[in-house]
Structure formats: C-alpha cells, structure tokens
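Listed below, chain by chain, are the residues.
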Amino acid sequence: MRPPLLRHVVALAIAFGAAPCVSAQVPGPALRGGVPSGVATPEEIPLTLDDAVARGLQHNLALLLAHDSVEVARGDHREALADLLPQLRGGLSGAREKISLAAFGFTGLGGFPTIIGPFNVVDARGYASQTLLDLHALGRTHARSEGVKAALSEERNTRDLVVLACAQLYLQAVSGQSRIASARARLATAEALYDLAADRKQSGLAAGIDVLRAQVERESERQRVIVAENEAAKRKIELARAIGLPLGQAFRTVDDMPQSPAPDLTREAALQLAYEGRADLRTAEARVRAAEESRKAARGEALPSIGISGDFGAIGNDVASSKSTYTLAAGVKIPIFEGGRAQARMQAAEAHLEEARASLEDARSRIYYEVQAVFLDLEASQDRVKVADGVMGLAQQQLQQAKDRFAAGVAGNIDVVQAQEALARATDDRIESLFSLNMAKASLARAVGAAESGYSQFLRGRR
C-alpha cells in the first residue's frame, strides 16, 4: 500500500496528466458492432444500463459471431462422429444388357452363341458398414468434442466482453451528458459575468478590456457546449450500434454515473476467483485437450483399422423372378507406405499441441497481470476522485471570490476568467475520474470472470 502523501501525488499526476489505462480501453470492432432489431418509435425511449447490457447480449455482433462459431464446432463434431457410427444406404437399379462374349476372349464355344441377350437385370439392395477399430477417427472425434467445449467457453468469454463493452459505452454516454450539463452551467456563468462587466463599463467602473475578456470567455464556453453536445451525440450513436437499437431510434440515458466505492476484494481473492471463473482460461484448457486428441488421431492414422460391411437384397431379370442375395465382409487396413503423410501430420499435431500449451500458460499469466493492472487502476482512480473533488471545491471557491472582488470593483475580471478556466478543468477532471473509477470496477468484474453475473454488484455495490 502506498503512503498517503505518495498516493495523493500519484493521483494529482493522473488528474492533470494521462488517465488510467482502463479509461483508454476501446472495444474492438466486433464488440462495437451490432445487428439492429425492431422498428424505431417516434418518441424518445428511456435506456438504463441494465437495458443496454441486456440488448447487447442479444444483438451485439461479437456475441452473434461467437454463437455461430459454436454451431460450426458442433457441426465439425457431428461430422467426425459420423465416421464411427454405422453407415446405412439403399439402392435400386435396373438395366437391360446385351453382352458379347467374344469381347472378353470367349471364342470357339462349340456352337454356343457368343452374343448373350438382350436381358434385364433388376437389383434392390441395402448396404451397411461399421467401423470396429479406427484410432484416427476416434481421436478426431474426441478432438472435435473438445473443440465444442472451447467454442462454448469462448462464447461465455465473449458475453463477459460484451457486458464490459456495453457498460463502457453507456458510461461514456453518461459522461457526455454530464459534460454538456457542466458546459451549459459554465456558459450561464460566463453570460452573467459578461452582463456584469458590461454594466460596470457603462457605469464607468470597469475598463473596456474587462468587457472584452468576458465576451471572449463567453464565446469560448459556447464553443465548449457545441463540442460537448457533438461528442455526447457520437457516444450515443456508438452505444446504439453496439446494442442493436433500431436504426434512427432516439433514446436518453436514465442512470447516473455510479458513485459507490470499489468492492472490498483483495488481490489474492480476486486472482483465485479469476483462475476459477475466467472463461478464456477454460477455452485455452479445452484447446490443449483438443490438440492432444488431434495428436492421438495423427498417431492412429499410421495404425491398422478394422471394419465390417455387408449388403442384402434381391436380384433377377424382373421383380417376380428376383432371388435374395447377400454379402458379408470384414477387412483390415494396414498402412504400409503413404509417402510420409502420417509422419507429417504427427509433426504438425505436435507443433499445434506445443502452441496450445504455450497459449494456456500465456492465458494464466495474462490473467495474473490483468488482475494486478486492474487493482492499480482502482487505487489510482479512487485517489483521483478524491483529488478531483477537492480541486473542484477549491476552484468553485476561487471563482466565487474572483466574482466578488470584480463586483466590488477591487480587481479586474482577469482573475474571474482564470478562475472559470480552472473550474472547467476541475469539472472535466472529476467527470473523467468518476468514469475511470467505474470502468476500473467493471474491469475488475471482467478480470475475475463475473462481468455478466456481477457487473451491477461491482458498479453499484449491490448484493
């Protein structure tokens, strides 16, 4: 734990410098995308944070793609399983033939004709085959089964990422509305100060430069309002796209920026929860198991396989004269030389297994460092909020004193203009610090693998 003075120094540096890394995170292209659903209504609809998350979990592009990946994995598994299941098919054929025996070398048959036919052949038959032992097909099926588990875990991981992305976009929209309100309040103050300066000039109590300064500050605040409104509108557009709102649907954010403190959770406990609950870690583990089964399948390709097959049906010149016939066979396939195909696949399977194991270890270390980084962001954001609250209070006092001095005629309005700028910076810093704190709390929920189930608890302190 940092000493109190050092913690406040760090927080001051953050407040007037770069924001914590959490606030700089930007959802990826797929997480920002969504499939619009429904028909836009003419009236503006209210949208809560829970509404945004719920819609994101239904219409966000990344989650829809993850679900499709699960279906692809299931299809691959069913295809591999088919090689181990009985194969049944039926057929019906009819032919009219005329055969030349001489064409097959049968000549001089002692008066027997060398031309046979024409005659009919009708054959109705069912065919069946079953693999009894095929280690290649068995390993391939197990690998595809693990692939389904990996895809399901990845889908769950994507759900957590969608929750985090929707929360971030919603909180950005809320921050945008806060900046608009702050900018408009500062504009109202600037207009009042301009009127005061103009009245004092007409009364001969202030110089023209005071009126000019007040006018410049008023116009600057108007520009800030325009910028804030534009940025807030764009944040709302990004949110609407990510959660799949109908095209053109107007909405307003209902929830305010959460003010609750960070969850009471130690790093060690968070790390334990992360190792137990992170879906991306389960994905990496399933991919290792899939690679191991693929290696077994590659080894099995060089081993013998056993299967049986048979058919049963009726054949004859016509249906009435058809006779039942059948075939039952068993066979063993023994690879002898296939140009090194099995060895090449073994080599590739070993490489894929090593790659999967390395990715698993990287996932474990990534989770560890994510948890450490989130706690750094939490500490910095909490300190930043405290500092921002203090600085904002001081800036408000500074502005009030400068206004009083100017109204009393004991000072020009340059102090007022400087105090207005200081208050503007303090207000923006406080809005950004609150956003950073809440994003750090949401990121902690994601880091421990509880973004979908626990984002409300982490953001709002709910139980």
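In this text, all values refer to a predicted model and were calculated from it rather than measured experimentally. (Residues numbered from 1 in each chain as written. Predicted model: local features only at pLDDT ≥ 70, side-chain atom pairs only at ≥ 80, totals over all residues. Heavy atoms only, no water.)

1. Description of the packing of helix α6 (residues 208-242) against helix α10 (residues 414-447)
Here is step 1: Running from amino to carboxyl end, α6 crosses α10 at an angle of 15°, the nearest separation of the two axes being 10 Å. Taken together, the axes of α6 and α10 lie roughly parallel to each other. The handedness of the crossing between α6 and α10 comes out as left-handed. Counted together, R213, E217 and R224 of α6 and I414, V417, Q420 and E421 of α10 form the full contact between these two elements. (Axes fitted to C-alpha atoms, helices over the stretch in contact; angles between N-to-C directions. Helix = DSSP H or I, 4+ residues; strand = E, 2+ residues; numbered from the N terminus. Parallel < 35°, antiparallel > 145°, perpendicular 65-115°, else oblique. Left-handed = near helix turned anticlockwise from the far one by under 90°. Contact = heavy atoms within 4.5 Å.)

2. Section: the packing of helix α5 (residues 135-202) against α6
Here is step 1: Running from amino to carboxyl end, α5 crosses α6 at an angle of 165°, the nearest separation of the two axes being 8 Å. The orientation of α5 with respect to α6, classified from their angle, is roughly antiparallel. α5 and α6 meet at a crossing whose hand is left-handed.
Here is step 2: Taken together, the residues that form the contact of α5 with α6 break down as 19 nonpolar, 5 polar and 15 charged. (Nonpolar A, V, L, I, M, F, W, Y, C, P; charged D, E, K, R; others polar.)

3. What about the sheet that holds strand β6 (residues 323-333)?
Here is step 1: Read across the open sheet, the 4 strands follow the order β2-β3-β5-β6; overall the sheet is antiparallel. Unpaired on one side and paired on the other, β2 (87-100) and β6 mark the two borders of the sheet. Each neighbouring strand pair of the sheet contributes to a mean axis angle of 20°, computed without reference to strand direction.
Here is step 2: Looking at chain direction, strand β3 (residues 115-133) and strand β5 (residues 305-316) are connected through 11 bridges and run antiparallel. Across the sheet, the residue bridging to Q130 is I308, located in β5. (Pairing = 2+ DSSP bridges.)

4. Side note on the pairing of β6
Here is step 1: Within β6, only 0 of the 11 residues are buried, which leaves it mostly out in the open.
Here is step 2: As paired elements, β5 and β6 share 11 bridges and run antiparallel to each other. Paired with G313 across the strands is T325, a residue of β6.
Here is step 3: What sits between β5 and β6 in their antiparallel hairpin is a turn of 6 residues. (Buried < 20%, exposed > 50% of the residue type's maximum accessible area, 1.4 Å probe, protein only.)

5. Details of unusual backbone geometry
Here is step 1: In the segment running from G117 into P118, the intervening peptide bond is cis, with an omega of 5°.
Here is step 2: Secondary-structure assignment places P118 in strand β3.

6. Section: the confidence of the model for the chain
Do not read the fine detail of predicted coordinates wherever pLDDT is low.
Here is step 1: Averaged over every residue, the pLDDT of the chain is 88; residues scoring 70 or more account for 93%.
Here is step 2: Overall, residues 1-24 carries pLDDT values under 50, and its contacts beyond four positions in sequence, including any with other chains, amount to 37 contacts. (pLDDT = per-residue confidence, 0-100.)

7. So, the layout of surface pockets
Over the atoms rolls a probe the size of a water molecule, and in doing so it shows where empty space is left.
Here is step 1: Quantified by volume, the largest pocket comes out at close to 380 Å³.
Here is step 2: If you go around the largest pocket, you meet 18 residues; those closest to its centre are L133, D134, S305, I306 and K333.
Here is step 3: Every element with two or more residues in the lining of the largest pocket is listed here: β3, β5 and β6.
Here is step 4: Considering each element in turn, the lining of the largest pocket owes the most residues, 5 residues, to β5.
Here is step 5: Residues belonging to the lining of the largest pocket are distributed by class as follows: 6 nonpolar, 8 polar and 4 charged.
Here is step 6: By volume, the second largest pocket amounts to about 300 Å³.
Here is step 7: Of the residues belonging to the lining of the second largest pocket, the class tally is 5 nonpolar, 4 polar and 7 charged. (1 Å grid on protein atoms, 1.4 Å probe; cavity = no way out; pocket = protein on both sides within 12 Å on 5 of 7 lines; lining within 4 Å. Points joined across faces, edges and corners; volume = space filled by probe spheres on them.)

8. Observations regarding the pattern of salt bridges
Here is step 1: Applying the stated criterion across every chain, the model contains 41 salt bridges.
Here is step 2: Across the pair E370 and R366 runs a salt bridge, and its minimum N-O distance is 3.6 Å. Highlighted residues: E370 and R366, both in helix α9 (residues 341-408), separated by 4 residues, approximately one helical turn.
Here is step 3: Connected through salt bridges with shared partners, the residues R278, D280, D362, R366, E370 and R446 form a single ionic network. (Salt bridge = Lys/Arg side-chain N within 4 Å of Asp/Glu carboxyl O.)

9. Examining the environment of L444
Here is step 1: Positionally, L444 belongs in helix α10.
Here is step 2: Its relative accessible area of 0% is what places L444 among the buried residues.
Here is step 3: Once the C-alpha coordinates of L444 and A302 are considered, the two residues, 142 residues apart in sequence, prove to be 49 Å apart.
Here is step 4: Non-local contacts of L444, meaning those with residues more than four positions away in its chain, are made with P263, L265, A270, V374, F375, L378 and F458.

10. Quick notes on the environment of V416
Here is step 1: Position of V416 relative to the elements: it lies in helix α10.
Here is step 2: V416 sits 226 residues away from A190 along the chain, and the two C-alpha atoms are 9.5 Å apart.

11. Observations concerning the pairing of β2
Here is step 1: Little of β2 sits inside the fold, with 0 of its 14 residues counted as buried.
Here is step 2: Of the pairings in the sheet, the one linking β2 to β3 comprises 13 bridges and is antiparallel in character. Counted as the bridge partner of G94 is V122 from β3.

12. Overview of empty space enclosed by the protein
Here is step 1: Summed over all chains, the structure comprises 1 cavity of 30 Å³ or more.
Here is step 2: Computed from the structure, the largest cavity encloses a volume of approximately 40 Å³.
Here is step 3: For the largest cavity, the full set of lining residues is A190, L193, A214, E217, N413, V416, V417 and Q420.
Here is step 4: Only α5, α6 and α10 provide two or more residues apiece to the lining of the largest cavity.
Here is step 5: No other element matches α10, which puts 3 residues into the lining of the largest cavity.

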